[in-house]
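# Geometric and topological summary
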Amino acid sequence: MVTQWMELCSDKKKRQQDAIPKDWVVAPPAEDRLNVVSFPRESGLLSQLELQITESDVEILLKKLASATWSSVDVTRAFYKRAILAHQAVNCLTEIFVDAALERAANLDAHLKETGQVVGPLHGLPVSLKDQISIAGLETIMGYASWIGKYAKKDATLVEILCQQGAVPFVRTNVPQTLMWPETFNYVFGRTLNPYNRTLTSGGSSGGEGALIGMRGSVLGVGSDIGGSIRIPAVFNGLYALRPSFNRIPYRGALNSLEGQDSLPSVLGPLATSLYGVKAFMKAVIDAKPWRRDPLAINKPWDQSGYELKEHGGGKQLVFGIIWNDGNVVPHPPVIRALEFTRNALVAAGHKVVDFKPYKHGEIITIARSIWVSGAEDDYASVLSALGEPLINTMDPELNAPPSSKTRAFSLKPVPQTAFGLWQLQKTRRDLRQEYIDHWEATVAETGTGRPVDAIISPVAPFAAPPHGKNSTADFTMIWNALDYPALVFPVTSVDETIDKAKAPHAFLSDEDKLVFELYDPATFKGAPVGIQVVGRTCEEEALIGMGELVDKALKLQI
């Protein structure tokens, strides 16, 4: 029987399809084609100039736009066409508003022509946004059929700032229902696929952003991250990304799940095709003084001395601690190879890498999950009950299959907490954070620099993008949310069947470790991107970006 929520979903999909210019609709890739990264180039829709534009990174684009070599209208149209092509291959978009974006781009071009000045540091650059970041006049659905027809009356603070700094918000991207998944599927827009292999997940919950940018339908986008939701899609799609500390980037006006849960909040942050794009976003937003608009935003101007690594020996000889496994799960062979490659590249560049022993990761992650589930069931029900929309309990394509992901809030049985009970969880987390910083500080005995390790290198996930429904752990990302450490993602390599052979079974660290081990088959993951994350101290985003540039340079010198 067709119910009201189903009818709403059907109508919304039709309206989405109608928003696509008819001459931008092409024959989609064959269903059995796995890698569709090159599909936009092969489609015939993009001119040579549009290919040149969309295959340029943020640094080049901003220079061309500021000099009026390329108009914002041309750049926005080029990325819009490529975004629509990406959508036809991997189903990554939600809101499509071509005319409004091109009108804004035209206004920016007129301003530059009349004044000779750019509007701001992001002048004319198209920026994609996750479907929870409100734009006035558009629906913000966030994967809920129940929120179809929920139009925003004003822009989120971050959208206001991006526009003030000259950007062109131009598409919004797909998310899972509730956001609390490391994959991307909902009843409204369906499933987002990985462009490197469409049988694999794009990650989540910013999976639409990851897939879109992975196909260069955008070069800079904004996601959110409560337990890995920026970093997992970034690494699964071969991108750079940053999970900032709590409240460095303003959240006001964006919709969310678990609102009111302020102990372990979600953060907004960038995904990009280059590290320059990550830095450009962070500096532009921070320079706009978001704390004057959002009462939760931290009053911390851009720290140039931090970026120059003044407290890290000027970046002359950095010392990195490296995590090979978290004590619970051993990563797959290509992830270990990426860690080894990164270590060797840094040593070749004159830096030092020492082993870093994970400290109580399992205990810290259990506390984080317990905080989330204390009210998650009521939070989801408060939305779903409006139309009787069912709660999605699995990311498996066979929706009646048992859940295979343990990372959503329901991975632990919901345990309603008294206020006092929740306080005890938060107190325990506070104490564990103190123990962890003491553990980090103690590494001064190993570095030889008089400083503790400057940053930590870690897997983002124990595997490359797995098949749909098989993303069974987000522990390698959740730990840094629980500690509120910023984390920067880098692409390193891709799965190579000839190198990344399956290993013999080891002494399993846990049931989860056995599950992850048994998942690995080089043929399944062939060609999937593999990366790492570099983790810094709370509110040390500028230094982390500075160190990240040295890591990126070292990696590229070895390729």
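Rules used throughout
Numbering of residues starts from 1 in each chain and follows the order in which that chain's sequence is written. Only residues with pLDDT of at least 70 are given local features in this predicted model, and only at 80 or more are side-chain atom pairs given and counted; all residues enter the totals for whole chains, interfaces and linings. Excluding hydrogens and water, the side-chain values take into account all heavy atoms of the structure. Note on conventions: DSSP H or I runs of at least 4 residues are helices, E runs of at least 2 residues are strands, and numbering of each starts at the N terminus. Burial classes: relative accessible area under 20% of the type maximum marks a residue as buried, over 50% as exposed, and values in between as partly exposed (1.4 Å probe, protein chains only). Only heavy atoms enter the contact rule, under which two residues are in contact if any of them lie within 4.5 Å. Positive residues here are Lys and Arg, negative ones are Asp and Glu, while His and the chain termini are left out of the count. In plain terms, the charge of a residue is placed at NZ if it is Lys, CZ if Arg, CG if Asp and CD if Glu. Any two strands are treated as partners once DSSP identifies two or more bridges connecting them. A 1.4 Å probe that fits into a set of points on a 1 Å grid over the protein atoms alone but cannot get out defines a cavity; an open set with protein on both sides within 12 Å along at least five of seven lines defines a pocket, and lining residues are those with an atom within 4 Å of a point. Grid points are joined across faces, edges and corners, and a volume is the space filled by probe spheres set on the points. Each residue gets one of three labels, nonpolar for Ala, Val, Leu, Ile, Met, Phe, Trp, Tyr, Cys and Pro, charged for Asp, Glu, Lys and Arg, and polar for the others, Gly among them.

Right, let's get into the overall build of the chain. In terms of helices and strands, the chain carries 19 helices and 13 strands. Principal-axis analysis of the C-alpha atoms places the extent of the chain at approximately 60 × 60 × 50 Å. When burial is assessed residue by residue, the chain has 60% of its 559 residues classed as buried. Pairs at least 24 residues apart make up 80% of the contacts formed inside the chain by residues separated by at least 6 positions. In the chain, 56 side chains carry a positive charge and 62 a negative one; their mean positions are 3 Å apart.

Take the environment of Asn91 next. Assignment of secondary structure puts Asn91 in the loop between helix H5 (72-90) and strand S1 (93-96). Judged by its relative accessible area of 15%, Asn91 is buried. Considering only alpha carbons, one finds Asn91 and Ala528, 437 residues apart in sequence, at a separation of 18 Å. If we skip the residues at most four places from it in the chain, Asn91 touches Lys13, Ala86, Asn174, Phe189, Gly190, Arg191 and Thr192.

So, on to the pairing of strand S8 (residues 267-272). Of all six residues making up S8, six are buried, and the element is well covered by its neighbours. Alignment of strand S6 (residues 220-225) against S8, held across six bridges, turns out to be antiparallel. Across the sheet, the residue bridging to Gly221 is Leu271, located in S8. When strand S7 (residues 240-243) meets S8, the two strands line up antiparallel, connected through two bridges. Counterpart to Tyr240 in the pairing with S8 is Ala272.

Further remarks concern the layout of surface pockets. In this structure, the largest pocket encloses a volume near 330 Å³. What lines the largest pocket is a set of 19 residues, and nearest its centre among them are Tyr251, Asn256, Asp262, Pro265 and Leu296. Looking at side-chain class alone, the lining of the largest pocket contains nine nonpolar, six polar and four charged residues.

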